[in-house]
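# Structure at a glance
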Amino acid sequence: MTESSETVGLRGWALVLGASSGFGEAVSLALARAGLHVFGVHLDRKATQPNVERIGAAIRAEGREARFFNINAADAERRAEAIAEMQRVLDERGEAGTLRVLLHSLAFGTLKLYIADPQKDAVTPAQMDMTVDVMAHSLVYWTQEVVTRGLMTRGGRIYAMTSSGGTRVLPHYGPVSAAKAALESHMRQLAAELAPLGITANAIRAGVTDTPALQKIPGHDAIMEQARRRNPSGRMTTTDDVARAITVLAHPDTYWITGNVIGVDGGEDIVG
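Since this is a predicted model, take the numbers as computed values, not measurements.

Each value, and the rule that gives it
- Along each chain, numbering runs from 1 in the same order as the chain's sequence is written.
- Only residues with pLDDT of 70 or above have their local features reported here, since the model is predicted, and side-chain atom pairs are shown and tallied only from 80 upward, although totals for entire chains, interfaces and linings are computed over all residues.
- Side-chain numbers here rest on the full set of heavy atoms in the structure, without hydrogens or water.
- Numbering of helices and strands runs from the N terminus; a helix is a DSSP stretch of H or I covering at least four residues, while a strand is a stretch of E covering at least two.
- Two things to know: the radius of gyration comes from C-alpha atoms, and the globule rule equals 2.2 Å times the number of residues to the power 0.38.
- Buried means the residue's accessible area, taken with a 1.4 Å probe over protein chains only, is under 20% of the maximum for its type, while exposed means over 50%, and partly exposed covers the values in between.
- We call two residues contacting when some pair of their heavy atoms lies within 4.5 Å.
- Here the accessible surface of atoms and residues is derived via Shrake-Rupley with a 1.4 Å probe, and residues count as covered only by protein chains that are part of the display.
- A positive count includes Lys and Arg, and a negative count includes Asp and Glu. His and the chain ends are not counted in either.
- Charged side chains are reduced to one point each, which is NZ for Lys, CZ for Arg, CG for Asp and CD for Glu.
- Pairing of aromatic side chains requires ring centres within 6.5 Å, counting the rings of Phe and Tyr and the six-membered ring of Trp. Pairs whose planes differ by under 30 degrees are stacked, by over 60 edge-to-face, and all others tilted.
- Only the contacting stretch of a helix is used when fitting its axis, a line to C-alpha atoms as for every element, and angles between N-to-C directions run 0 to 180 degrees.
- Our angle categories are set so that under 35 degrees counts as roughly parallel, over 145 as roughly antiparallel, 65 to 115 as roughly perpendicular, and the remainder as oblique.
- In this scheme the crossing of two helices becomes right-handed for a clockwise turn of the near helix relative to the far one and left-handed for an anticlockwise turn of less than a right angle.
- The residue classification treats Ala, Val, Leu, Ile, Met, Phe, Trp, Tyr, Cys and Pro as nonpolar and Asp, Glu, Lys and Arg as charged. All others, Gly included, are polar.
- Take the buried residues of types Ala, Val, Leu, Ile, Met, Phe, Trp, Tyr and Cys, join any two whose side-chain atoms come within 4.5 Å, and each joined set is a nonpolar core.
- Counted as salt bridges are all cases of a side-chain nitrogen of Lys or Arg within 4 Å of a carboxyl oxygen of Asp or Glu.
- In this scheme, the bend at a residue equals the angle between the axes fitted to the seven residues that finish there and the seven that begin there.
- pLDDT measures how confident the predictor is about each residue, on a scale from 0 to 100.

Below, the discussion takes up the overall build of the protein chain. Of regular secondary structure, the protein chain possesses nine helices and eight strands. Computed over the C-alpha atoms, the radius of gyration of the protein chain is 18 Å, within 12% of the 19 Å expected from 2.2 N^0.38 for a compact globule of 272 residues. C-alpha extents for the protein chain along the principal axes are approximately 60 × 45 × 40 Å. Burial analysis of the protein chain (272 residues in total) assigns 49% to the buried set. The contacts of the protein chain with a sequence gap of at least 6 include a subset with a gap of at least 24, amounting to 74%. Per element, the accessible surface of the protein chain, about 12,800 Å² overall, is 53% carbon and sulfur. Positive and negative side-chain charges of the protein chain, numbering 28 and 30 respectively, have mean locations separated by a distance of 0 Å.

Now the structure itself:
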C-alpha cells in the first residue's frame, strides 16, 4: 500500500463476495487497513482453506473483525442464512446499517465454445445459466438482501469486478463475456434505483491482472504478454492497484461517483 492510500480512513463493515483470492483477497485486506471489519464469502475446499485462514488472520492483525462464510454465493438458501448471521452480528454490536462496502468479485464460470467439434464439447444451457447467474445475477440478489434488510444504508458503496472481455471476443470466453455484459447492465440499473437512497454502485474494470481466474483462461500467457506490451508503463495491473482504487472510492467524499465503469489499468485510473 502507498502512503497516500494509508491515510484513507473508513468505519463500519465490508462484505466481499469472493474474498479468498485475487481481487477479493486484496480488497479485503486493503479495506481492513483502512478501518473496515470484513464479512467474507468464499467457496473453498479443504486444500485451500489455509489461505482463507491466513487472510482472516491478516485482517484481525489490523485490529478488525473477520467473519467468513464458506458457501456457494449463488445458493439462495445459503445466501439468506449468511445475511441473517451478518444481521445478527451487527445488531449484537449495536452497528446495524453500517455495511459500507459490498464488493462482488465472483469468478466461477464455464470457459467453453458455443460451436465445437464435436458439438457435445460446446457450452450447455446449464453451464451458460450457471455462469451468468454466479457472475452477474447474484450481484442483484445480494444487493436486494443487504439493502432491504437495512444492513446497507445511506453512504453505502457497491462495486463489482467486470472486464473488457464483456465487449470483446476471446476464444472460449463467450459465457463469461455474456456474464460481464449482464453485470454492467445490472450495475447501471442498481445505480439508478439506489441513488435516491444515497447508495452508489459502480463496476470496476481492471486491466489484465494475474489472478487465479485469469490463469484458467486458455492462452492466458499470451494475454498477459500483450498487456505488458500495450501498457505504456510496461507492466500489468495488480490486485493491489484495484484494492487501492476501491479503498479511495469508498471514502465519503466520492459520493457523486455512481453508475460508471471505472477502469484501473496498470496503475492509471480512468473514469468513463
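By secondary structure assignment, the location of Leu249 is in helix α9 (residues 239–249). Taking the C-alpha atoms as reference, Leu249 lies 8.4 Å from Arg157; in sequence the two are 92 residues apart. When sequence neighbours within four positions are dropped, the list of residues in contact with Leu249 reads Arg157, Tyr159, Ile204, Thr254, Ile257 and Ile262.

Applying the stated rule across the entire model yields two aromatic pairs. Seen from their ring centres, Trp13 and Phe39 are 4.2 Å apart, and the 15 degrees between their planes marks the pair as stacked. Of this pair, Trp13 sits in strand β1 (residues 12–17) while Phe39 sits in strand β2 (residues 36–42), placing them 26 residues apart in sequence. As far as the burial class goes, Trp13 and Phe39 line up, both buried. Overall, the relative accessible area of 1% leaves Phe39 in the buried class.

Close contact between helix α4 (residues 76–92) and helix α5 (residues 125–148) brings their axes to 11 Å; oriented N to C, the two are set at 30 degrees. By the criterion of interaxial angle, the relationship of α4 to α5 is roughly parallel. α5 is crossed by α4, and the crossing has right-handed handedness. Of the residues in α5, those touching α4 at Arg79, Ala80, Ala82, Ile83 and Met86 are Tyr141, Trp142, Glu145 and Val146. Counted by class, the contact of α4 with α5 contains seven nonpolar, no polar and two charged residues.

Once that is clear, we can look at the nonpolar core. Counting 40 residues, the largest nonpolar core has Leu15, Phe39, Val41, Met86, Trp142, Val146 and Ile158 as its most contacted members. Within the residue set of this core, elements represented by two or more residues are β1, β2, α4, β4 (99–104), α5, β5 (157–162), α6 (174–194) and β6 (200–206). Setting aside residues no more than four positions away along its own chain, Phe39 makes contact with Trp13, Ala14, Leu15, Val16, Arg67, Phe69, Met86, Val89, Leu90 and Leu99. Of all hydrophobic cores here, the second largest spans 33 residues; its members include Ala19, Tyr159, Leu249 and Ile262.

Our focus in this paragraph is the pattern of salt bridges. This model, assessed by the stated rule, comprises eleven salt bridges. The closest approach of N and O atoms between Arg88 and Glu85, which form a salt bridge, is 2.5 Å. With a gap of three residues between them, Arg88 and Glu85 both fall in helix α4, about one helical turn apart. Classification of Glu85 by relative accessible area gives partly exposed; the value is 28%.

At His137, α5 shows its largest kink, close to 50 degrees. Trailing α5 by a residue or two, Gly150 shows a phi angle of about 80 degrees, which is positive.

What follows covers the side chain of Thr110. Summarising the element assignment, Thr110 is placed in the loop between β4 and α5. Excluding its chain neighbours within four sequence positions, the residues that come into contact with Thr110 are Val123, Gln127, Met130, Thr131, His172, Pro175 and Val176.

Asp117 connects to Pro118 through a cis peptide bond whose omega is 5 degrees. Along the polypeptide, Pro118 turns up in the loop between β4 and α5.

Bringing the environment of Thr237 into the picture now. Relative to the assigned elements, Thr237 resides in the loop between α8 (220–230) and α9. Measuring from C-alpha to C-alpha, the distance between Thr237 and Val208 comes to 5.9 Å, with 29 residues separating the pair along the chain.

It is worth spelling out the confidence of the model for the protein chain at this point. Residues with a pLDDT of 70 or more make up 90% of the protein chain, whose mean pLDDT is 88. Note on residues 1–5: pLDDT under 50 across the span, and six contacts to partners over four residues away in sequence or across chains. pLDDT under 50 marks residues 267–272. Its contacts with residues more than four places away, or in other chains, come to 13 contacts.

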